[in-house]
Amino acid sequence: MIGSPFVARENNSVRITMLKVLAALVPGVIAHAWFFGPGIWVSLLVASAFALAFEALALVMRQYPLKPFLGDGSALVTAWLFALTVPTLAPWWLYATGMLFAILVAKHLYGGLGQNPFNPAMVGYAVLIISFPMAMTQWPGPIGLVAHTPDLAEAFDIVFAGAGAISPDAYTSASPLDALRTQLHAGKSLVEAMPDRHLGYLAGFDGEMVALMFLLGGLALLANRQITWHVPVAFLAGVILTAGGLQLWDPEHHIGPAFHLLSGGVMLGAFFIATDPVSGCTTPLGKLIFAGTAGFLTILIRTYGGFPDGVAFAILLMNTAAPFIDAYTQPRVFGHGGGGHMDDMKS
Amino acid sequence: VHPEDRKSASTGRPIAQAPLSPRYIVPLRQHIGSPAEALVRAGDRVLRGQMIGAATGRISAAVHAPTSGIVSAVEPRPIPHPSGLADLCVVIEADGHDEAMAMAPVEWQDLAPETLAERVRDLGLVGLGGAVFPSHIKLLPPPGGKIDTLILNGAECEPWITCDDLLMRERADAILQGAGVMHRLLGSPQVLVGIEDNKPEAAAAMAEAARRQDYPVEVVTVPTRYPTGGGKQLTQSLTGRETPSGGLSTDVGVQVFNVATAYGLQRALAAGEPLTSRIITVTGHVAAPQNFEVRIGTPIRDLIAMAGGELPEASGHLIGGPMMGFDLADLAAPVVKSVNCVITKNRALFPAPKPAMPCIRCGQCARACPAELQPFELYWYARAKDFGKAQAYNLFDCIECGCCSYVCPSHIPLVSYYRYAKSEIWMREQEKEASDAARERHEFHVFRLEREKQEKAEKLGKKAVDRLEDGAVAGEDPEAARKKAILEAAIARAQKAKAAQAEAGQQPKNTDDLSPAQQREVAEIEARRAKATSGGLSAPPPSPLAPHPAGERDSLPVPAGGAGTPTEEPNPVAEKT
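Residues numbered from 1 in each chain as written. Chains lettered and ligands numbered in written order. Predicted model: local features only at pLDDT ≥ 70, side-chain atom pairs only at ≥ 80, totals over all residues. Heavy atoms only, no water.

**Some thoughts on the overall build of chain B**
Scanning chain B for helices and strands turns up 17 helices and 17 strands. Accessible surface computed for chain B: about 25000 Å², of which carbon and sulfur atoms make up 54%. (Helix = DSSP H or I, 4+ residues; strand = E, 2+ residues; numbered from the N terminus. Areas by Shrake-Rupley, 256 points an atom, 1.4 Å probe, with all protein chains shown as cover.)

Okay, structure coming up:
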């Protein structure tokens, strides 16, 4: 017999929670398709298909019921976040490998939904960037700035059969973030290294618009109370303060916070990845520490590291610390004086 | 949280007097504390208002006959309790005359406080908000404490329930007269009535009645937000004061009574009428939802019939509200003092719980928790049976309001896990106490055997010496001399052992030879235990038959609330030695 309460909030389930996250990603996806071509739809589709296939395989092997777990939407969220962080139009086996590690290793080997210590999409990304660094930097360039933008049919061809007649050089270009980083690492000053900004305000107009759309979707999640303000604010503050500090310290070799905010995966990370409650912190103070440090590490890795973006590694590193941070940031409980209750903690 | 309130279902009709039932079943335990002791036997004739169960001890309350009739049995009967178990009841076959005892007003102003408390106890008054704590204990200022604010709880935050709402609409003056007595007994300068803002008619009636009182009383509407009606929650909402964990609202100078309790006190003192009836909302999937003034002991089946009976496709009955109530196992169970609402369920109003998914740590529960706990952590530890950690995360501050389960997207029955963890912890504590007692008994047994052996040896030795001395006169016996030597040696050994024991001062303890770390641990455990007991929570866990707290509570918690007594992890060294 199940005890009280006998009522539950309506329209509330894991599935609906996940669908809301997917819906919040849609503006960014549409912007991406608008500015970089329809290839992103192929990426999302292929990643989703592999994610669901691996999810189903894991559920069958673990003898879990397929319907509720396949339908919970969590594999799709992983697939979409993954597809939005790896280059569009990557070969199919890249998605397959990424999803294999994300769904089978990072998620189900650790116990499945709700149990994974690391964000699955970021694990998939990290495996690929270490194993296939070249393939992971070939981003399609913005429409009009590259020789050719593949249409939907061509995109399918590229993903499944390789570029064939179309040379990757025709549709890819270095991302502003990667281009700048390479130049700076080569010892050039900021003025020399500034990439062609594609008429953009800071980080390339097209990329900026996509980032702003992710920001918009993230604000919608916040308004819908799916996430709290702590993670995005702390993550963005970590980025701004670190990038700002570095720029103040050595303006010639460091670009400012605005560029960092609108390039690469910062917006996606702040609102959609660092907010993953399973692998992140859950206490209010813990969220601030977790996300603030992740933002700081993002800029550190971007500035001094060897990878094109730092968001994934920053978040994965903080994932390892999340349980520890949570244990030491337990909020005060009603009726317990100001000192918190950690003094009661034993063993 | 904001569950759909569904109150309008039963507010359309005024409070109706329940007709007499042919039979009443009056449990002797309808309150927190020790059960009443039966004063009647089968065959006795009783009158309405006659005491049929006497209070036993300080935390107890009397029980009275709801009508005149013949006692047909004093035996265990099903009572409204989540366990569905039976408890001792007085069964009365009504004679239909409803003949009352002679009742006289209580001249409370002339009585010494202790005498008055006794009278209130004997009139059977308990908290009617659901906690059914004996009211007489709360009517006097706590020893050494001061009550500066009296709060009347009219929040009634549970969905569906409207008994307090209707009582306030219709009998505001009597409620506030009762509150006036409380105010004078407690010596509290401030009197506040807290009402959720979804009951404007009740608030208006109370505000109007407040102007007619001869003492200052303020009616405050609070935002409708479950569980504002919890004693600690309402205290904070009205005064900003936070009741300490494991403590009572009296610790912050506030005493809280339900409005129905104030009304009951007024009837008890003004008419000398014991508590034999209360207002109950009968609602849900019944033909005519309504509030009834019901005699205690009325079978719940009769109550549902009064509201026109259940409609087709009813799927059970809830006692209390949907957030904290429980499923009624047997319709023959009677109305008791804690029952404020009976809801007939159907599948549309109360769908079957959805299958639970894994926790995704989304934190919705933590945001909903009025005790500001981290419910998903408690769930995790309760599920893993790591009860020590569950307590470290303040399991015993959980008031089981159900907000966490209500908002959980994974549909996890979180509260059921907390109830389970709490009862496991209580059970283990009881087991530990029992094993401690057994160990002490055993140690004493060993000690006694040893002592008897020594005494016997001494006695024998003395006898032998006497005999030897006699023998010495008669002539030296070499065999006797050898025995004597053996005995003397034995006596010396026994005395030496006894002296060593006396030197140690006590029985050897298994905590004597510990490493500094272990000693520290022992000291911490002792400190924790001392803290827990000084926190006033030596109260025993509620017996499975104690009335279940449904709906809002008065300020005194059911034993479930509070700091809890921490369990200790077994000391591996202690177990080895």
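Having seen it, we continue.
**Section: the overall build of chain A**
Along the backbone of chain A there are 16 helices and zero strands. Taken over the C-alpha trace, chain A has a radius of gyration of 21 Å; the compact-globule value for 347 residues is 20 Å, and the two agree within 12%. Seen through its principal axes, chain A has C-alpha atoms that stretch 65 × 50 × 35 Å. Burial analysis of chain A (347 residues in total) assigns 57% to the buried set. As presented, chain A carries roughly 14400 Å² of accessible surface, and 69% of it is formed by carbon and sulfur atoms. The positive charge centre, built from 14 side chains, and the negative charge centre, built from 19, are 13 Å apart in chain A. (Rg over C-alpha atoms; globule rule 2.2 N^0.38 Å. Buried < 20%, exposed > 50% of the residue type's maximum accessible area, 1.4 Å probe, protein only. Lys, Arg positive; Asp, Glu negative; His and termini not counted. Charge placed at Lys NZ, Arg CZ, Asp CG, Glu CD.)

**Quick look at the environment of Leu 261 of chain A**
Residue and element names in this part refer to chain A. One can find Leu 261 in helix α13 (residues 257-262). With a relative accessible area of 17%, Leu 261 lands in the buried category. Considering only alpha carbons, one finds Leu 261 and Ile 299, 38 residues apart in sequence, at a separation of 10.0 Å. Those residues in contact with Leu 261 that lie beyond four places of it in its chain are Leu 236, Val 239, Ile 240, Val 266 and Met 267. (Contact = heavy atoms within 4.5 Å.)

**Observations regarding the packing of helix α4 (residues 163-170) of chain B against helix α6 (residues 200-211) of chain B**
All names here are of chain B. Where α4 contacts α6, the axes come no closer than 7 Å and their chain directions differ by 40°. Considering the relative orientation of α4 and α6, their crossing is left-handed. For the pair formed by α4 and α6, the contact residues are Asp 165, Met 168 and Arg 169 on the first element and Glu 201, Ala 202, Ala 205 and Met 206 on the second. (Axes fitted to C-alpha atoms, helices over the stretch in contact; angles between N-to-C directions. Left-handed = near helix turned anticlockwise from the far one by under 90°.)

**Concerning a positive patch on the surface**
Residue and element names in this part refer to chain B. A grouping of Lys 456, Lys 459, Lys 463, Arg 467 and Lys 483 is seen on the molecular surface, where their side chains present a positively charged patch. Per-element tally for the positive patch: the top contributor is helix α14 (residues 414-474), with four residues. Tracing the sequence through the fold places Lys 463 in helix α14. (Patch = residues over 30% accessible without salt bridge, like charges linked within 9 Å, V, L, I, M, F, W, Y side chains within 5 Å. Salt bridge = Lys/Arg side-chain N within 4 Å of Asp/Glu carboxyl O.)

**Side note on the interface of chain B and chain A**
Chain B puts 56 residues into the contact, and the matching count from chain A is 44 residues. Of the roughly 4200 Å² buried between chain B and chain A, counting both surfaces, carbon and sulfur atoms make up 54%. With a shortest N-O distance of 3.9 Å, Glu 372 of chain B and Arg 332 of chain A are connected by a salt bridge. For the interface between chain B and chain A, the tally reads 17 residue pairs in polar contact (both at pLDDT 80 or more). Every element with two or more residues in the side of chain B that touches chain A is listed here: α7 (231-239), β16 (326-327), α10 (364-368), α11 (375-383), α12 (387-392), α13 (403-407), α14 and α16 (516-534) of chain B. (Buried area = accessible area lost by both parts, 1.4 Å probe. Polar contact = N/O pair within 3.5 Å; in protein donor to acceptor, adjacent residues only side chain to side chain.)

**As for the pairing of strand β15 (residues 314-319) of chain B**
Residues and elements named next belong to chain B. Across four bridges, the pairing between β15 and strand β17 (residues 341-346) is antiparallel. Bridged to Ala 314 within β17 is Asn 346. Sheet analysis places β15 next to β16, joined by two bridges and oriented antiparallel. Its bridge partner being in β16, Leu 318 is matched across the sheet by Asp 327. The turn joining β15 and β16, which pair antiparallel and follow one another in sequence, is formed by six residues; a positive phi near 90° is taken by Gly 320. (Pairing = 2+ DSSP bridges.)

**Observations concerning the confidence of the model for chain B**
Residue and element names in this part refer to chain B. Mean pLDDT over chain B: 87, with 88% of residues reaching 70 or higher. Throughout residues 535-577 the model reports pLDDT below 50, and contacts reaching past four residues in sequence, or to other chains, amount to 127 contacts. Taken over the whole predicted complex, pTM reads 0.81, whereas the ipTM for its chain interfaces reads 0.89. (pLDDT = per-residue confidence, 0-100.)

**A short note on the nonpolar core**
By size, the foremost hydrophobic cluster in this structure holds 99 residues, and its most contacted members are Leu 25, Tyr 95, Met 99, Phe 235 and Phe 272 of chain A. No other element matches helix α1 (residues 14-36) of chain A, which puts 11 residues into this core. Setting aside chain neighbours within four positions, we find Met 99 of chain A in contact with Ala 47, Phe 50, Ala 51, Phe 54, Thr 78, Ala 79, Phe 82 and Leu 104 of chain A. Counting 67 residues, the second-largest nonpolar core is a separate cluster that includes Leu 116, Cys 163, Val 217 and Cys 401 of chain B. (Core = buried A, V, L, I, M, F, W, Y, C linked by side-chain atoms within 4.5 Å.)

**Some remarks on the pattern of salt bridges**
Residue and element names in this part refer to chain B. Here the structure, examined in full by the defined rule, presents 31 salt bridges over all chains. Across the pair Arg 428 and Glu 424 runs a salt bridge, and its minimum N-O distance is 3.8 Å. Pair noted here: Arg 428 and Glu 424 are both in helix α14, with a separation of four residues, about one helical turn. On the basis of relative accessibility, which here comes to 40%, the residue Arg 428 falls in the partly exposed class.

**A few points about helix α7 (residues 152-161) of chain A**
All names here are of chain A. Among all positions in α7, only Ala 155, Ile 158 and Val 159 are buried. Here the buried residues of α7 occupy an arc of 95° about the axis, which is enough to place them on one side. Facing away from the buried side of α7, by more than 90 degrees, are the exposed residues Ala 153 and Ala 161. Here the buried face of α7 lies against α2 (39-61), α5 (92-108) and α8 (168-171). One side-chain oxygen of the residue at the start of α7 lies 3.2 Å from the amide nitrogen of Ala 153, identifying that residue as Asp 151. A positive phi of about 85° marks Gly 162, the residue just after α7. (Arc of directions from axis to C-beta.)

**Here's the deal with the confidence of the model for chain A**
Of the residues in chain A, 92% reach a pLDDT of 70 or more, and the chain-wide mean stands at 88. Of the regions scoring below 50 in pLDDT, residues 339-347 of chain A engages in 20 contacts with residues more than four places distant in sequence or in other chains.

**Here's the deal with the side chain of Glu 377 of chain B**
Among the secondary structure elements, Glu 377 of chain B is positioned in helix α11. Despite its burial, Glu 377 of chain B pairs with no opposite charge; the closest candidate is Arg 361 of chain B, at 4.3 Å N-O. Setting aside its immediate chain neighbours within four residues, Glu 377 of chain B contacts Thr 282 and Gln 330 of chain A together with Arg 361 and Tyr 393 of chain B.

**Structural notes on the sheet that holds strand β5 (residues 51-54) of chain B**
Residue and element names in this part refer to chain B. In space, the three strands of this open sheet follow the order β3-β5-β6, with antiparallel pairing throughout. Looking at which strands have only one partner, the edges of the open sheet turn out to be β3 (37-38) and β6 (63-64). Alignment of β5 against β6, held across two bridges, turns out to be antiparallel. Counterpart to Gly 53 in the pairing with β6 is Val 63.

**What about the state of the cysteines?**
Residues and elements named next belong to chain B. The final tally for this structure, using the stated rule, is zero disulfides over all chains. The thiol of Cys 369 is not disulfide-bonded; the next cysteine sulfur, from Cys 401, is found 6.2 Å away. Left unpaired, Cys 408 is separated from the closest cysteine sulfur, that of Cys 362, by 6.4 Å. Take Cys 408: its relative accessible area is 11%, and that puts it in the buried class. (Disulfide = S-S within 2.5 Å.)

**Regarding the sheet that holds strand β11 (residues 218-222) of chain B**
Residues and elements named next belong to chain B. Read from one edge of the open sheet, four strands run β11-β10-β9-β12, paired in parallel fashion. Two strands close off the open sheet at either side, each with one partner strand: β11 and β12 (254-258). Pairwise comparison of adjacent strand axes, ignoring direction, gives a mean angle of 25° for this sheet. Two strands pair when backbone bridges link them, and strand β9 (residues 149-153) and strand β10 (residues 190-196) are joined in this way by five bridges, in the parallel orientation. Bridged to Leu 150 within β10 is Val 191. In the packing of α7 onto the sheet, the strands contacted are β9, β10, β11 and β12, and the crossing angle to β9 comes to about 120°.

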